[in-house]
Amino acid sequence: MPKVPASPVRVPDAFDKAILRVLQRDNKTPQRTIAQEVNLSAAAVQRRMAAMEESGVIARNVAVVSPDALGLTITAVVEVHLRDERTATVDAAKRLFGETPEVQQCYYVTGGISMVLVIVTRDMRTYEALTRRLFSDSDLAQRFRTLVALDRVKTETSVVIE
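Values in this document were obtained by computation on a predicted structure and should not be read as measured data.

J.: Teacher, can you tell me more about the sheet that holds strand β3 (residues 115-121) here?
T.: By definition, the strands of a sheet pair up through backbone hydrogen bonds, in either a parallel or an antiparallel sense. Across the sheet, 4 strands lie side by side as β2-β3-β1-β4; this open sheet has antiparallel pairing. Because the sheet does not close on itself, it has two edges, and the strands there are β2 (103-108) and β4 (141-148). Pairwise comparison of adjacent strand axes, ignoring direction, gives a mean angle of 20° for this sheet. Note that strand β1 (residues 74-82) and β3 share 7 bridges and pair antiparallel. Looking at β3, one finds that Val-78 is bridged to Leu-117. Each of β1, β2 and β3 touches helix α4 (residues 87-98); the most contacted strand, β3, lies at about 20° to it. Contacting β1, β2, β3 and β4, helix α5 (residues 124-136) crosses the sheet at an angle of about 145° to β3.

J.: Looking at this structure, how should I read helix α3 (residues 42-55)?
T.: Because the α-helix completes a turn every 3.6 residues, residues three or four places apart line up on one side. With 14 residues, α3 extends 20 Å between its outermost C-alpha atoms, agreeing within 8% with the 20 Å of an ideal straight helix rising 1.5 Å per residue. Here α3 has its buried residues at Ala-44, Val-45, Arg-48, Met-49, Met-52 and Ser-55. Burial along α3 is one-sided: seen end-on, the buried residues are contained in an arc of 135°. Check the buried side of α3 and you find it contacts α1 (14-25) and α2 (31-38). A positive backbone phi angle near 95° is found at Gly-56, which sits one or two residues after α3.

J.: Would you mind going over the environment of Glu-156 with me for this structure?
T.: Its location among the elements puts Glu-156 in the segment after β4. Given the relative accessible area of 53%, Glu-156 is considered exposed. Linking Glu-156 and Gln-24, residues 132 residues apart in sequence, is a C-alpha distance of 9.9 Å. Side-chain polar atoms of Glu-156 contact the side chain of Ser-158, separated by 3.4 Å.

Parameters at a glance
Residues numbered from 1 in each chain as written. Predicted model: local features only at pLDDT ≥ 70, side-chain atom pairs only at ≥ 80, totals over all residues. Heavy atoms only, no water. Pairing = 2+ DSSP bridges. Helix = DSSP H or I, 4+ residues; strand = E, 2+ residues; numbered from the N terminus. Axes fitted to C-alpha atoms, helices over the stretch in contact; angles between N-to-C directions. Contact = heavy atoms within 4.5 Å. Expected span 1.5 Å × (residues − 1). Buried < 20%, exposed > 50% of the residue type's maximum accessible area, 1.4 Å probe, protein only. Arc of directions from axis to C-beta. Polar contact = N/O pair within 3.5 Å; in protein donor to acceptor, adjacent residues only side chain to side chain.

As C-alpha cells, then:
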C-alpha cells in the first residue's frame, strides 16, 4: 500500500521532476550522479528526495522482481462484480484484496464492473484456490471473470512526468 503523506503534498518543481525522471529509470542511481544530471549539488538532491518521500510524492522505494524468475507463471486480470456497492461492501473488498499478496494491483472502477485486479500466482491450481477464497467462498463478490495473460508485453511502474 502506498505511504500516507506525513506532511502536505509537495508540488514538484522542475528540479524535483528531473530527479523523479532519473529515479524512475533506476532508483539506485547515486545522488552525486543525479546531481550532475539535474545541475544541483548532491546535498540539494538529497534534501529534495527526502522532502518528496516525506510528502508522499515518492510513495515507496522497491525492487521490481521478475515473476518468471520465481516461477510465477499465471498472470490474470480479473473483473470483479461485488454483490452491491454499499460503502461497507466496497471497503471490505478493498481491505481483502489489498491484504492478499497475490493481488499485485487492485482498482475500484466505474463502467459496470466493481473492481479490476491483477493477480500473479505460481500455477493454475494456486490460482483456482485463491479465486475460491476471494470470490466463490466470499459473500463480497457476486461474480468474477478471469482474463489470463498470454504474454507480459509491458509492465511499468513509472508515470509520465511533464
